[in-house]
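# Coordinate analysis (summary)
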Amino acid sequence: MKKRILPMLSLLLLAALMLPCSATAHGSYRVTVCDDLGILEGAEALVVNDGYDVGETAFFLWTKSCYSDTDWPSNTTVRTKCAIAEGESAVALVIRRTGTGVFYYDIYTFGEADEIFSDSDLDRILDDSTVYTAIKGGDALRGADRFFSLCATVLHDHAESEAARAKRAPLTAILLGLGAGAVVAGSSMLGVWLYYRKKLHGTIYPLDRYAKLSLTQREDRFVGRSVTRVRVQSSNGGSGRSGGGGGRRGGR
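Predicted model, so just to flag it, every value in this text is computed and none were measured.

## Comments concerning the overall build of the protein
Secondary structure summary: the protein contains 7 helices and 6 strands in total. Along its sequence from the N terminus, the protein presents helices and strands in the succession α-β-β-β-α-β-β-α-α-α-α-α-β. Sorting the 252 residues of the protein into buried and exposed places 30% on the buried side. Here the contacts in the protein between residues at least 6 apart in sequence split such that 69% fall between residues at least 24 apart. Surface accessibility of the protein: about 17,400 Å² in total, with carbon and sulfur atoms responsible for 56%.

## Some remarks on the side chain of Asp35
Locating Asp35 in the fold gives a position in strand β1 (residues 29-35). The side chain of Asp35 is buried and forms no salt bridge, while Arg97, the nearest opposite charge, is found at 8.3 Å. Only 3.1 Å separates the side chain of Asp35 from the backbone nitrogen of Gly38, close enough to count as a polar contact. Polar contacts involving the side chain of Asp35 include one to the main-chain amide nitrogen of Ile39, which spans 3.0 Å. Those residues in contact with Asp35 that sit more than four places away from it in its chain are Leu40, Glu41, Gly42 and Thr63.

## Let's talk about the environment of Glu41
The residue Glu41 is located in the loop between β1 and β2 (45-48) in this model. Glu41 gets classed as exposed once you look at its relative accessible area, which sits at 78%. The sequence separation of Glu41 and Leu141 amounts to 100 residues, and the corresponding C-alpha distance is 9.5 Å.

## Thoughts on helix α2 (residues 75-82)
For α2, the complete set of buried residues consists of Val78, Arg79 and Cys82. Seen from one end, α2 has its buried residues packed into an arc of 100°, which puts them on one side. The exposed residues of α2 that point more than 90 degrees off its buried face are Thr76 and Thr80. Lining the buried residues of α2 we find β3 (58-65), β4 (90-97) and β5 (103-110). One or two steps after α2, the chain reaches Ala83, where phi turns positive at roughly 55°.

## Things to note about the state of the cysteines
Considering all chains together, one arrives at 0 disulfides under this definition. Left without a disulfide partner, Cys82 is nearest to the cysteine sulfur of Cys34, which lies 4.8 Å away.

## Focus on the confidence of the model for the protein
On average, the protein scores 77 in pLDDT, and the residues at 70 or more come to 63%. Scored below 50 in pLDDT, residues 1-26 shows 23 contacts in the model against residues more than four places distant or in partner chains. Taken together, the stretch residues 234-243 has pLDDT below 50 and engages in 8 contacts with residues farther than four places along the chain or on a different chain.

## Description of the nonpolar core
Membership of the largest hydrophobic core comes to 32 residues, with the highest contact counts inside it found for Phe59, Leu61, Leu93, Phe117, Phe147 and Phe148. Looking at this core, the elements that each hand over two or more residues are β1, β3, β4, β5, α3 (112-116), α4 (119-126), α5 (129-136) and α6 (140-204). When residues in this core are grouped by element, the largest group, 9 residues, is from α6.

## A word on the packing of aromatic side chains
Counting across every chain of the model gives 4 aromatic pairs. Measuring from centroid to centroid gives 5.3 Å for Tyr29 and Phe59, while their planes differ by 90°, and the two rings are edge-to-face. One end of the pair, Tyr29, is in strand β1; the other, Phe59, is in strand β3, and 30 residues separate them in sequence. Judged by centre distance (6.5 Å) and plane angle (10°), the ring pair of Tyr108 and Phe110 falls under stacked. The exposure class assigned to Tyr108 is buried, which follows from its relative accessible area of 0%. Residue classification places Phe110 among the buried residues on the basis of a relative accessible area of 0%.

## With respect to the pattern of salt bridges
Side-chain pairing between opposite charges can occur once the charged atoms of the two side chains come close. In this structure the tally under the stated criterion is 9 salt bridges. Put simply, Asp106 and Arg96 hold a salt bridge, and the shortest N to O gap is 2.7 Å. In this pair, Asp106 sits in strand β5 while Arg96 sits in strand β4, placing the two residues 10 residues apart along the sequence. Across the pair, exposure class does not vary: Asp106 and Arg96 are buried alike. For Arg252, the salt bridge goes to Asp123, with nearest N and O atoms at 3.5 Å. Separated by 129 residues along the polypeptide, Arg252 in the segment after β6 (246-251) and Asp123 in helix α4 bring together distant segments of the chain. Here Arg252 falls in the partly exposed class, since its relative accessible area comes to 27%. Where salt bridges share partners, they join Arg96, Asp106 and Arg248 into one cluster.

What counts as what
- Residues numbered from 1 in each chain as written.
- Predicted model: local features only at pLDDT ≥ 70, side-chain atom pairs only at ≥ 80, totals over all residues.
- Heavy atoms only, no water.
- Helix = DSSP H or I, 4+ residues; strand = E, 2+ residues; numbered from the N terminus.
- Buried < 20%, exposed > 50% of the residue type's maximum accessible area, 1.4 Å probe, protein only.
- Contact = heavy atoms within 4.5 Å.
- Areas by Shrake-Rupley, 256 points an atom, 1.4 Å probe, with all protein chains shown as cover.
- Lys, Arg positive; Asp, Glu negative; His and termini not counted.
- Salt bridge = Lys/Arg side-chain N within 4 Å of Asp/Glu carboxyl O.
- Polar contact = N/O pair within 3.5 Å; in protein donor to acceptor, adjacent residues only side chain to side chain.
- Arc of directions from axis to C-beta.
- Disulfide = S-S within 2.5 Å.
- pLDDT = per-residue confidence, 0-100.
- Core = buried A, V, L, I, M, F, W, Y, C linked by side-chain atoms within 4.5 Å.
- Phe/Tyr/Trp six-rings, centres within 6.5 Å; stacked < 30°, edge-to-face > 60°.

Written out as structure tokens, the structure reads:
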């Protein structure tokens, strides 16, 4: 009976790891709106029902006027306008309109969302045909709906990936343990073999009998000096993003 328990437990563990997992429940999410342009019919929030739960990440939409395509708001201004707390995971879409009626849009990511969204994810969202044509054509509501739906997909896929990794963790730990044990056992066996091989060589060829060394003179001679200098580059001045920060990631 005892011999059957271990195989049964192994099969149960394997079956549990192979079961499909779902990290996010189907539902809706809320987009907080700051409509300074007055083009969203006075909406203070948008509720999008596309079957995804975005977890702890908050969504914000801000419409504002600007002077040119490069007149986007600073990261601090977006944080203040949308009331995004320090360390909060958030995605903000800023839609800008110039005095001549030309529309531009920018994406800002903060907190955990800044780490989740890759540059390729952002380019795919910003260049989406529906997002681009709708916002550039003045249909901010339709463009924003598509924009945040794509953002929700990225967050959903990330949560699914993390859940799958967590399910694989027990099996990974077992495999790593077995691998480490095999390495330790192999190293021990190799060490013992080398030790006895060294002793065997000592018996076959006794150096103290066939080779002798007798020092008759000792002299220390200083022949010169060289100094090598290595410049260490500082890693504090890079332009990379750090955890908990974030800001503008691109626009069109």
